[in-house]
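Structural overview
Here's the letter readout for the chains.
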Amino acid sequence: TFVLAFDDEIVAHALMTKNPAWTSGADFLEKILDFRFHLPSVTDAQKERLIFKALDHYCAFVPKESVKAIQDLLPSNPRKLKSLIRSLAALRPQVSRHDPDELNWIDIWMAQMLRLESFPFFERLLKDDTLEKETGFAYEIRKEFSKKSAMDDRDEKDDNLTLRALIQEVGVDNPETEKRIVRLIEAIRARGGVTFRYAAELALRPQAVTW
């Protein structure tokens, strides 16, 4: 007996990409699988239990109340959730250098989620003034200017044109990853604080001196 754990759609698509002669990857899977059992999607309650259990195990220094503010942004994939927690655990040496009120945990959560989603994009975002243009004061000024210009009928998709160009520039070609990055950037625009860059750089190039 062999147990195969995978996503049907992803494997079926991969089979068709590998051999176009198979007109349907799903039909090919039907030939080799005798029995299927579909796992249900992770519920919000399960996600919350998993995240709190992982926090207790890996990084109890992260305030649990901070989870509520970003819970809707957390990945549903358990593996990604655990990776996210472990990335926070790696920040322990830097966090210990700060007083509790010095750190914005909403910024830290969002920064780590973005970093795990696409490290090349994360690095590109922190380069030069890109972060300001996409999420900071420069973005807000551009947004206000566009409202007063003759382009008042622009939709939200147009507003993210430069963002999508950046995503493509770093080589992200997975539609789901692109959608996830856009969602996180929109969340950073709405919920991020003025210290977002500081929080994002904790894992890459932390400041030599803290307050």
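See the structure above.
Structure report, in brief.

The rules behind these values
Residues numbered from 1 in each chain as written. Predicted model: local features only at pLDDT ≥ 70, side-chain atom pairs only at ≥ 80, totals over all residues. Heavy atoms only, no water. Core = buried A, V, L, I, M, F, W, Y, C linked by side-chain atoms within 4.5 Å. Buried < 20%, exposed > 50% of the residue type's maximum accessible area, 1.4 Å probe, protein only. Helix = DSSP H or I, 4+ residues; strand = E, 2+ residues; numbered from the N terminus. Contact = heavy atoms within 4.5 Å. Phe/Tyr/Trp six-rings, centres within 6.5 Å; stacked < 30°, edge-to-face > 60°. Expected span 1.5 Å × (residues − 1). Polar contact = N/O pair within 3.5 Å; in protein donor to acceptor, adjacent residues only side chain to side chain. Arc of directions from axis to C-beta. 1 Å grid on protein atoms, 1.4 Å probe; cavity = no way out; pocket = protein on both sides within 12 Å on 5 of 7 lines; lining within 4 Å. Points joined across faces, edges and corners; volume = space filled by probe spheres on them. Nonpolar A, V, L, I, M, F, W, Y, C, P; charged D, E, K, R; others polar. Salt bridge = Lys/Arg side-chain N within 4 Å of Asp/Glu carboxyl O.

A few words now on the nonpolar core. L74, W109, L114 and F121 are the most contacted members of the largest nonpolar core, which totals 44 residues. Counting only elements with at least two residues in this core, the list comes to α3 (44-58), α4 (65-70), α5 (78-89), α7 (105-117), α8 (119-126), α12 (161-169), α13 (175-191) and α14 (196-200). Top contributing element to this core by residue count: α7, with 7 residues. Filtering out sequence-adjacent residues up to four positions away, W109 remains in contact with I51, L55, V62, S66, V67, I70, L74, L84, I85 and L88.

So, on to the packing of aromatic side chains. Considering all chains together, one arrives at 1 aromatic pair under this definition. Taking the centre distance of 6.3 Å and the plane angle of 50° together, the rings of F61 and W105 count as tilted. One end of the pair, F61, is in the loop between α3 and α4; the other, W105, is in helix α7, and 44 residues separate them in sequence.

Our focus in this paragraph is α7. Taking 1.5 Å of rise per residue, the 13 residues of α7 would be expected to cover 18 Å, and the 18 Å separating its terminal C-alpha atoms lies within 8% of that figure. Among the 13 residues in α7, 10 count as buried, and that is most of the element. The N-cap of α7, judged by a side-chain oxygen 3.1 Å from the amide nitrogen of I106 a few residues on, is N104.

Once that is clear, we can look at α12. Of the positions making up α12, those classed as buried are L163, L166 and I167. Viewed end-on, α12 has its buried residues packed into an arc of 100°, placing them on one side of the element. The exposed residues of α12 that point more than 90 degrees off its buried face are L161, Q168 and E169. Against α8, α9 (130-135) and α13 lie the buried residues of α12. The first or second residue beyond α12 is G171, which carries a positive phi of 90°.

Next up on the list: the layout of surface pockets. Roughly 1000 Å³ of volume is contained in the largest pocket. Lining the largest pocket are 23 residues, and of these D7, I10, S76, N77 and E176 sit closest to its centre. At the level of elements, α1 (8-18), α5 and α13 are the ones that each hand at least two residues to the lining of the largest pocket. By residue number, the principal contributor to the lining of the largest pocket is α13, which donates 5 residues. Within the lining of the largest pocket, the residues separate by chemical class into 8 nonpolar, 6 polar and 9 charged. Put simply, the second largest pocket is a space of about 590 Å³. Forming the walls of the second largest pocket are 17 residues, and the residues nearest its centre are L4, A5, F6, D8 and F37. The residue makeup of the lining of the second largest pocket, split by class, is 10 nonpolar, 2 polar and 5 charged.

Opposite charge on two side chains permits pairing when their charged atoms draw close. This structure, assessed with the given rule, holds 15 salt bridges. The partner of D72 in a salt bridge is R183, and the shortest N-O contact between them spans 3.8 Å. Separated by 111 residues along the polypeptide, D72 in the loop between α4 and α5 and R183 in helix α13 bring together distant segments of the chain. When its relative accessible area of 37% is taken as the criterion, D72 is described as partly exposed. One salt bridge connects E201 with R205, and the closest N-O pair in it is separated by 3.6 Å. Classification of E201 by relative accessible area gives buried; the value is 10%. If you follow the salt bridges from partner to partner, you end up with D8, E30 and R36 in one network.

None of the figures reported here should be taken as evidence of function without further support.
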